[in-house]
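Working through the structure, step by step
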Amino acid sequence: DQTIRLWDLATMAEKGVLRGHRQHVWRICFSADGRKLFSGARDGTVYRWPVQAPAARIGFEAVQTDLSDLALAPDATQFAGLRQGGVCLGATRNGQLPHPIAALGTNNTSLLFSRDGQHLYAGTRAGEIQVWSLSQEKTVQTLRGPAEAVLQLGQDALGRSLFAVQRADRLTREGPCRLQVWSTA
């Protein structure tokens, strides 16, 4: 139904329903301070919602269509989105349309900002993770694991380890998953 529901975890009561997307919501991200929620939908829209007053959402067209992943920088000033495997980077404060990062190609499946906000990790269908330097605007490292699609990326709380959930068959989502761990310290 293209909505997001907020719940109070202590009472398990619904706090509100966020409406605005025209197609399925693929990803949500909370800012580090928990005061803002960002949502990305298949229709290419990204909304910034103040959690205490969600009716005051700020929306902007992130990409033309089919947003399949959304990552938020730790300071909540930038976001990265995936559109048909290509990575787009945009600003969250002014609704600036994101620009594509062509150097990362169109084989990407998952995105994650580093805890320090200096890098963007882009997992690929080939099982690689490209480490993109936001300040240098280039790939500074490629982490190689098994040739299995990266489904999801994650980090530990201190940003010292990077985790990738991988599966050989990403389309059918059949078969076992593998957890790959890299040190980023």
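Scroll up to find the structure.
Below or above, wherever it landed, is the structure these notes cover. Computed from a predicted model, the values in this text were never measured in an experiment.

Definitions and cut-offs
Residues numbered from 1 in each chain as written. Predicted model: local features only at pLDDT ≥ 70, side-chain atom pairs only at ≥ 80, totals over all residues. Heavy atoms only, no water. Pairing = 2+ DSSP bridges. Helix = DSSP H or I, 4+ residues; strand = E, 2+ residues; numbered from the N terminus. Axes fitted to C-alpha atoms, helices over the stretch in contact; angles between N-to-C directions. Core = buried A, V, L, I, M, F, W, Y, C linked by side-chain atoms within 4.5 Å. Buried < 20%, exposed > 50% of the residue type's maximum accessible area, 1.4 Å probe, protein only. Polar contact = N/O pair within 3.5 Å; in protein donor to acceptor, adjacent residues only side chain to side chain. Contact = heavy atoms within 4.5 Å.

Describing the sheet that holds strand β14 (residues 138-144)
Within the open sheet, the 4 strands sit side by side as β11-β12-β13-β14. Their pairing is antiparallel. Looking along the sheet, the strands with just one partner apiece sit at the ends: β11 (108-113) and β14. Between one strand axis and the next, the sheet turns by 25° as a mean value, whatever way the strands run. Direction of pairing for strand β12 (residues 119-124) relative to strand β13 (residues 128-133): antiparallel, over a ladder of 5 bridges. When the sheet's bridge partners are listed, Gly123 is paired in β13 with Ile129.

Topic: the nonpolar core
Formed by 14 residues in total, the largest nonpolar core has its most connected members in Val87, Ile101, Leu111, Phe113 and Leu120. Of all the secondary-structure elements, those providing two or more residues to this core are β8 (78-83), β9 (86-91), β11 and β12. Ile129, Val150, Leu162 and Ala164 belong to the second-largest nonpolar core, a separate cluster that totals 10 residues.

Let's talk about the side chain of Asp69
Its location among the elements puts Asp69 in strand β7 (residues 67-72). Its relative accessible area of 2% is what places Asp69 among the buried residues. Here Arg27 takes part through its side chain, which lies 2.7 Å from a polar atom of the side chain of Asp69. In contact with Asp69, not counting residues within four places along its chain, are Arg27, Ala80, Gly81, Leu82, Thr109, Ser110 and Leu111.

Geometric descriptors of this kind do not, in isolation, establish any biological role.
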